[in-house]
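Overview (structure and organization)
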Amino acid sequence: MGTPATENNLFRSDDELLCFLRRTAVPRGGSVAVIAGQFTLVLDESRDRLIPLSENLPERSFALGARFLHSCAVSSSAEAHLLLLVDDHRFHAPPLPPPGSAMTRERADDLRRRYYGGPRPVPRSFLAILGSEGLDLRDALLPRGNPEIPPSAIMPASSVLFSRQELGDRYLRHTLPGLLEEAASGDLEPTVETDCRPGDLVQLILDLARRRITDIIFMIQGRPPPRLDPCLGVALYLAERLASGAPVVHLVTNMAGAGHDPGSVRPRGGGGLSTVRRLIRVSTYRPEPDHHHLPDAGSPVLHRHPQAESHHKTG
C-alpha cells in the first residue's frame, strides 16, 4: 500500500493560512473541495424533527472556508466549492427524553429523510456567511448528486448536504468487503479494515476522487479523529486505482481560538501573565505509491512559517 507523504505547517493567523492554501491547494486547471462547517443535528422531541446545531466552531470553519472560496473566485480560474458535511450518525437529545422515545434505525432514517428533504436544511447563519462573501448557495456548495454517487434513501439527489451516516453505510456495504478480502489474502495490513470504521472519511475521499477533485481541504473542528492516518492511507490507496487518481488532502486543525488576538494565561506557580498563541496546523497528504506501509503518525516533518503574510479581501 502506498504511504501518503505528509508535511505539516503551522500558521499564526487566518490570513497567513489562506495565503498558504491559495498557493498550494488551488491547482491550475484542477478543482478543490473545502469541507467546512460540519454541524450536528439535535432531536426536537416536542415536534418530532431534527434541527441543526451550527454555532461556534462550525460557523468559524464555514466562514473561513467561504473566505477561501471568495479569494479563489477573484484570483484564480480553478474550480472551487464548499462541501457541507452533516454529523448525523447520532442525534443530540434533551437530557431527559420522554418515555417510549427509543431511537430505532427506521425512525432515525425517517427523521433524516424529512430533514434533508425539508425546505431549509442549510443553517440560516451559513446562508448569511455566504452572502457576506458575495457567494450564492447553489454556486458555492458542492451538490451531492452526481453520476458517480449512487442514489440515497435519505438524501435527495438535489441536496447540497452530505451525510456521515449515508457515507458510512456505503463504506460498510461496498468498500469494506474488498478491503477484508485484501487483508485476508495478505495484500493489506490486517488492522486496516477495523481502523477505518465507520469509514465515512474514506468513502468521502473516494467519492470526491471519482468526481476528479484534485485537492481536498478538510477543516476539522476540535481534535482530529483517532486513527486518522490509517484512514487517509486506505482512502488514497484505493483512489490511486481510479482513472482520476488520488487527490491531495490538506487537513486544517487547531482552529479553536486561532485567528484572534492571543490570550493571556497565568503560568503555573504564579508570576506574571504570559502570552499564549495557538497555531493553526495544516497537514498535507500526497500519495507515494512506491512505499508499502501505512503512514506513521510520528514521521511527519514539521515546518513552521515564522512570518505571517498579509491577505486583503477583494470584491
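These figures come from a predicted structure and were not determined experimentally. (Residues numbered from 1 in each chain as written. Predicted model: local features only at pLDDT ≥ 70, side-chain atom pairs only at ≥ 80, totals over all residues. Heavy atoms only, no water.)

1. Remarks on the packing of helix 8 (residues 200-210) against helix 9 (residues 228-239)
Note the following rule: Fitting a line to C-alpha atoms yields each axis, with helices limited to the stretch in contact; the angle taken between N-to-C directions then spans 0 to 180 degrees. Strands here are runs of E lasting at least two residues and helices are runs of H or I lasting at least four, both read from the DSSP assignment and numbered beginning at the N terminus. Note on angle classes: values under 35 degrees are labelled roughly parallel, values over 145 roughly antiparallel, values of 65 to 115 roughly perpendicular, and the remainder oblique. Handedness of each helix crossing follows the sense of rotation of the near helix against the far helix: counterclockwise by less than a right angle gives left-handed, clockwise gives right-handed. Only heavy atoms enter the contact rule, under which two residues are in contact if any of them lie within 4.5 Å. When residue character is reported, Ala, Val, Leu, Ile, Met, Phe, Trp, Tyr, Cys and Pro are called nonpolar, Asp, Glu, Lys and Arg charged, and the others, Gly included, polar.
The geometry of helix 8 relative to helix 9 is characterised by a closest axis approach of 9 Å and an angle of 30° between their N-to-C directions. One element, helix 8, and the other, helix 9, form an angle in the roughly parallel class. Crossing of helix 8 over helix 9 shows right-handed handedness. Contact residues: helix 8 offers Leu201, Val202, Ile205, Leu206 and Ala209, while helix 9 offers Leu228, Cys231, Leu232, Val234, Ala235, Leu236, Leu238 and Ala239. Here the contact of helix 8 with helix 9 is built from residues that sort into 13 nonpolar, no polar and no charged.

2. Some words on the pairing of strand 4 (residues 49-53)
Counted only if it meets this: A pair of strands is treated as paired once DSSP finds two or more bridges between them.
Pairing of strand 3 (residues 39-44) with strand 4 involves 5 bridges; the strand directions are antiparallel. By the bridge assignment for strand 4, threonine 40 is matched with leucine 53.

3. Observations concerning the packing of aromatic side chains
Here is the rule we go by: A pair of aromatic rings is counted whenever rings of Phe, Tyr or Trp (Trp by its six-membered ring) have centres within 6.5 Å, and the orientation is called stacked for planes under 30 degrees apart, edge-to-face for over 60 and tilted otherwise. Here the term buried applies to any residue with accessible area under 20% of the maximum for its type, exposed to any over 50%, and partly exposed to those in between, with areas from a 1.4 Å probe on protein chains only.
One pass over the structure, following the stated rule, counts 4 aromatic pairs. Measuring from ring centre to ring centre gives 4.8 Å for phenylalanine 11 and phenylalanine 20, while their planes differ by 40°; the resulting arrangement is tilted. Each member of the pair, phenylalanine 11 together with phenylalanine 20, is buried. Both rings, one in tyrosine 115 and one in tyrosine 116, keep their centres 5.5 Å apart while their planes meet at 70°; by these two values the pair is edge-to-face. The burial state of tyrosine 115 is the same as that of tyrosine 116; both residues are buried. Taken together, the ring pairs in this structure connect Phe39, Phe62 and Phe126 into an aromatic cluster.

4. Some points on the packing of helix 6 (residues 164-185) against helix 8
It is at 8 Å that the axes of helix 6 and helix 8 come closest, and there the two elements cross at 85°. With respect to helix 8, the axis of helix 6 lies roughly perpendicular. Every residue of helix 8 that contacts helix 6 at Arg164, Leu167, Gly168, Arg170, Tyr171 and Thr175 is listed here: Asp200, Val202, Gln203, Leu204, Leu206 and Asp207. Tallied by class, the residues present in the contact of helix 6 with helix 8 amount to 5 nonpolar, 3 polar and 4 charged.

5. Considering the side chain of aspartate 200
Within the fold, aspartate 200 resides in helix 8. With near-sequence residues (within four places) excluded, aspartate 200 lies in contact with Arg164, Leu167 and Gly168.

6. Some words on the confidence of the model for the protein chain
How we decide: Per-residue confidence from the prediction method is given by pLDDT, with values spanning 0 to 100.
Within the protein chain, residue pLDDT values average 79, and 74% of them lie at 70 or more. Across residues 260-276 the pLDDT falls below 50, and counting only partners more than four positions away or on other chains, this stretch makes 19 contacts in the model. This stretch, residues 290-315, has a pLDDT under 50; its non-local contacts, to residues over four places away or in other chains, come to 65 contacts.

7. Brief notes about the nonpolar core
Rules: Nonpolar cores were defined as sets of buried Ala, Val, Leu, Ile, Met, Phe, Trp, Tyr and Cys residues, with membership established by side-chain atoms within 4.5 Å.
One finds Phe68, Ile217 and Met219 to be the most contacted residues of the largest nonpolar core, which totals 47 residues. Broken down by element, the residue count for this core peaks at 6 residues, all from helix 2 (residues 57-75). Once residues lying within four places of it in the same chain are set aside, the contact partners of isoleucine 217 are Leu21, Ala25, Val32, Ala33, Val34, Ile35, Phe68, His250 and Val252. If you look at the next biggest cluster of nonpolar residues, it comprises 35 residues, including Cys196, Leu208, Ala239 and Val249.

8. Structural notes on helix 4 (residues 124-132)
Test applied: This arc is taken over the directions from the axis of the helix to the C-beta atoms.
Among the residues of helix 4, Phe126, Ile129 and Leu130 are the ones counted as buried. The arc that holds the buried residues of helix 4, viewed along the axis, is 100°, so those residues lie on one side. Turned more than 90 degrees away from the buried face of helix 4 sit Arg124 and Ala128, all of them exposed. Positive backbone phi, approximately 70°, marks glycine 134, located one or two places after helix 4.

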